[in-house]
Structure formats: C-alpha cells, structure tokens
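Overview (structure and organization)
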Amino acid sequence: MRINPSHAVRMSKYFLPVLRETPQEAQTLSHRYMLRAGMIRQASAGIYSWLPLGFRVLKKIEQIVREEQDRAGAQELLMPTIQPSEIWKKSGRYEDYGKEMLRVKDRHNREMLYGPTNEELITEIFGNDLRSYRDVPKILYHIQWKFRDEVRPRYGVMRGREFYMKDAYSFDISPEAGRLSYNKMFVSYLRSFARMGLKAIPMKADAGPIGGNLSHEFIILAETGESEVFCHSDYIDLDALKDEAEYDGDLQPIIDRWTKRYAATDEIHDEEKFHREVPVNRRVCARGIEIGHIFFFGTKYSEALGAIVDLADGGEKALEMGSYGIGISRLVGGIIEASHDANGIIWPESVAPFHVGLVNLRQGDGACDKVAESIFSKVASLGSDIIYDDRTERAGAKFATMDLIGVPYQVIIGPKVVERNVIEVKNRKTGKSEEMSHDAFFNLLKA
Ligand code: ATP
Ligand code: MG
C-alpha cells in the first residue's frame, strides 16, 4: 500500500519540540499552548517561525478560507510583500500610515515598504488593464504575509508584526453592485468561520482610516479578546450558516438575519440604544477577538490610482470598491482561545493538524507494533492525517502529549486490546474512551 507521507507522521522522526514547562513570556493561554505544543517559535517581537505542527494548522485554515472565497466567485492571485512607495503617495496613505509601516530602501536608494495591506497595489494592477464597464464586477484576493510595526505586539500570533492575511478586493460599476459583492464576502465569511467550528458574530464597525460608509467586523468571544463587545444573546445562539445559501440568489435576507440584533464593539457602542433595544436578560457584555473585517469604501482608491472605466453612453466612472480581510495566522490563536481545556488544545476536526493520534503503549512488543503499523497505514490510505507516537516513552507522557497537541481521536493500543482484537478510541473533546473493532473505527473515519 502506498501512503502519502504528508498524511502519516511518526513522532520519533517528527520535529515536535514540546515544552514541559509553561513559558514565562506568554500572557495568554493560546500563546502558551502554541509554544508548549511546538507550533511556533519567536524570531523577534511579534515575528514567528511556524514549526511543522503549527504550519499544518495554518495551511488548513488557509485552505478553508480559499475554498469559500472561490465558492463566492473571488479569484486568487498573489501580490508581493514588498511594494513601491509611489502608489502609497498617490493615495495619501504613505504619510497617514506613520510608524506602523515598515519602510526600506533598495540599493538604488528607492523607497520601498513591506505591505501592511494591498488596496493601492491591487487597484493599480486592476486599473492598468481596465477598458470598459464590461470588465466588472470582479473580486480578487490573495493570501500573503503582511507587516505592521504594531506599538504593542502581544498575545503571540494574535497581534503579531508579521502576520498572514487573506485580503480580497471588489470592483463594481455602481454602489448597488458593490453592495452585492459585499454581501457575497459577508456570506463567505459566515461560511468560512462556521467550517472552523467558530461562532463569529458580525458587528457593525467604524470604517476608520480606510474611509467609506459600510463595514463589519467578525468577532469571536474569548476572555482574552482585545475589544469589549456588546450584543444581543440571540446572536450567539444563531445556527451556523447552512450549505444551502447560493451566491447567485438574493443574499440580503441572510445578511439581515445575521445583523438584525444589536451587536457592537466598544468603538461604536451606543449605550442608550443598547439599553433600549436589548432586554436585560439578553444583554451580553463580553470580550472579543476580531478575526475578520470587511469594508465598502467606494471610489477613494480607484480615483487616486486610475481604476476608471468607459461607460456605454460615452462617460467615465471610477470603480466602486470594497476590501475584505481575514487574519489567517490570528485565527490559529483565536481557535485555541475558543477551544481548549486544562490539558491542552481541542482542535475542531476541520483544522486539526492530525485527525488521529496513535498511541502504542508497548512500543517494541511484536504484537502491539504489528497492530499499530497496520492501523497507521490504513488510516493514512483513507486520506486521514495520523500521527503515531512510536517513541519508547512512559504511557503518561504519551497521553499528555496527545492531549496537548489536541488531536481529535486518540487510538490507544496495548496488550489487552490487541489480545481481544479491538482498539480503544478516545475522543479528545468529550474525554470519553470507547472500545471498537478496527473496521468500526475505519468506518467512522470514512464518515
Ligand atoms: P486590529 O483592530 O485588530 O488591529 P485591523 O482593523 O487593523 O485589526 P484589518 O486591517 O481590518 O485589521 O486587517 C484584517 C484582519 O487581519 C483583522 O481582522 C485581523 O484578523 C488581522 N490582523 C490585523 N492586524 C493583525 C496583527 N497585528 N496580527 C495578526 N492579525 C492581524
Ligand atoms: Mg490594526
């Protein structure tokens, strides 16, 4: 049987530098668990290397976001991290961005910068090849590293200086058409976050320095969140968006359903309105983490950078634009904040670095090794990701590592179960163990 090595990993050979001690520098739980589970290492303040385990999770989150962007009709491209300063001077943001922008000079003394975001560059690219109103609508996105020299980088990857973002940009002929693109992105966000097992609450936001009039932040609730949030409790109980939503249909009812109740962050919170509209027993005041942010801002960049089209009647029109960000690397920490216990991370299956963790309690015992090897290759051949703890360690240490790295299903092999030709399967989330036949487990995985 040929198995794809990326599906099947032996812990004895894997680079998984787990820490027994709690790192002192980490203030939040997700940061501590990411360091302890060997997911990341700090290179300098707010700048991290992603080790194999963390990298797997980052890529799984990225792939969910990509699939949902594609489903909404957005097209992926890739822009560079380093940008020329000229386009930023045209939009006026070269000054406005201040010290958050990392500025560098090349050997010819030209001013360059490490992109904190991409409105200018995408508008220039798209604008250069634009002819007529027939070239729109379009939504373009990329998934790329950004750099913002944050005053206070903290909470590990949640507020880094270098971080990984999905940013999309919409181009439309009219504000009404722009609203449609905005709604598509809105729905794709609901869908992306639901697939990651998150309850993300859309909250009306301030458009801030980007300018414009329509904006929502997507927030998950967590004690360590940086913003204070106020909302109607019905928001938190809304079912995740079901698969039926079609992008060619009318999305407005979905948007309305998700935004009909009071929900705001501290920046835009209207206390009087909150008290007027939300009954006392439904008021939620909590802390939240912003995982996504969408804006519709009209023609600010299209005018400055010349994304202008000819109209059918001979006139000209600067395109109506929106931009849509998701913090992919922040989500790794955010998901941990939302899903963990005292022993470690509890990954939702969709983003788990491995689906199955195989624990051989008697490494070196012929019968146990044989059964473990057969499960290892069978699971991998089914396309599930498996990590096999084949080290000669104490059982306690093996269990602790599996719990810490948060693998959803733990298969435990020891002399007793091998003798009876069954396996023990522990569910990381419920903590419950169950004995089952090999086939019953493989069927569970297939389902
Ligand atoms: P914040 O208010 O948290 O600084 P922002 O409004 O500056 O966020 P955007 O410019 O809208 O963020 O960026 C889109 C997304 O990128 C955010 O919703 C967030 O998930 C992520 N993000 C922004 N800054 C950082 C950072 N310093 N580290 C990690 N992720 C970030
Ligand atoms: Mg910011």
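For clarity, every value in this text was computed on a predicted model and none was experimentally measured.

A few words on the sheet that holds strand S7 (residues 111-114). Overall, antiparallel pairing links the three strands, which are arranged S5-S7-S6 in an open sheet. On the outer flanks of this sheet lie strand S5 (82-84) and strand S6 (102-105), each paired with one strand and no other. Strand-to-strand twist of the sheet, defined as the mean angle between neighbouring strand axes without regard to direction, takes the value 40°. Bridging between S6 and S7 involves four bridges; their strand directions are antiparallel. Residue pairing in the sheet places Leu102 in a bridge with Tyr114 of S7.

Inspection of the region around ligand 1 gives 14 residues, with Arg148, Glu150, Arg159, Gly160 and Glu290 positioned closest. Measuring from an oxygen atom of ligand 1, one finds a side-chain N or O atom of Glu290 at 2.6 Å. Within the backbone of Gly327, an N or O atom sits 3.3 Å from an oxygen atom of ligand 1. When the free accessible area of ligand 1 is taken as 580 Å², the share hidden by the protein chains comes to 83%. At the level of elements, strand S9 (162-172) and strand S14 (283-298) are the ones that each hand at least two residues to the shell around ligand 1. The element best represented in the shell around ligand 1 is S14, accounting for four residues. In the shell around ligand 1, the residues fall into five nonpolar, four polar and five charged.

Thresholds, definitions, all that
- Sequence order as written defines residue numbering, which begins from 1 separately in each chain.
- Chain letters start at A and ligand numbers start at 1, both assigned in the order the entries are written.
- A pLDDT threshold of at least 70 governs which residues receive local features in this predicted model, and a stricter bar of 80 or more applies before side-chain atom pairs are shown or counted, although totals over entire chains, interfaces and linings include all residues.
- Each side-chain value is worked out from all heavy atoms of the structure, with water and hydrogens disregarded.
- Pairing between two strands is assigned when DSSP locates at least 2 bridges connecting them.
- By the criteria applied, helices consist of DSSP H or I runs no shorter than four residues and strands consist of E runs no shorter than two, each listed in order from the N terminus.
- Convention adopted: a line fitted to C-alpha atoms gives each axis, helices being fitted over their contacting stretch, and angles between N-to-C directions are expressed from 0 to 180 degrees.
- Think of it this way: one heavy atom of a residue within 4 Å of a molecule or strand is enough to make that residue near it.
- Under the rule applied, a polar contact is a pair of N or O atoms within 3.5 Å (in protein, one hydrogen donor and one hydrogen acceptor; residues adjacent in sequence only if both atoms are side-chain atoms).
- Computed with a 1.4 Å probe, the accessible areas rest on the Shrake-Rupley method; for each residue, only the protein chains presented here act as cover.
- For this scheme, ten residues count as nonpolar: Ala, Val, Leu, Ile, Met, Phe, Trp, Tyr, Cys and Pro. Four count as charged, namely Asp, Glu, Lys and Arg, and the remainder, Gly too, count as polar.

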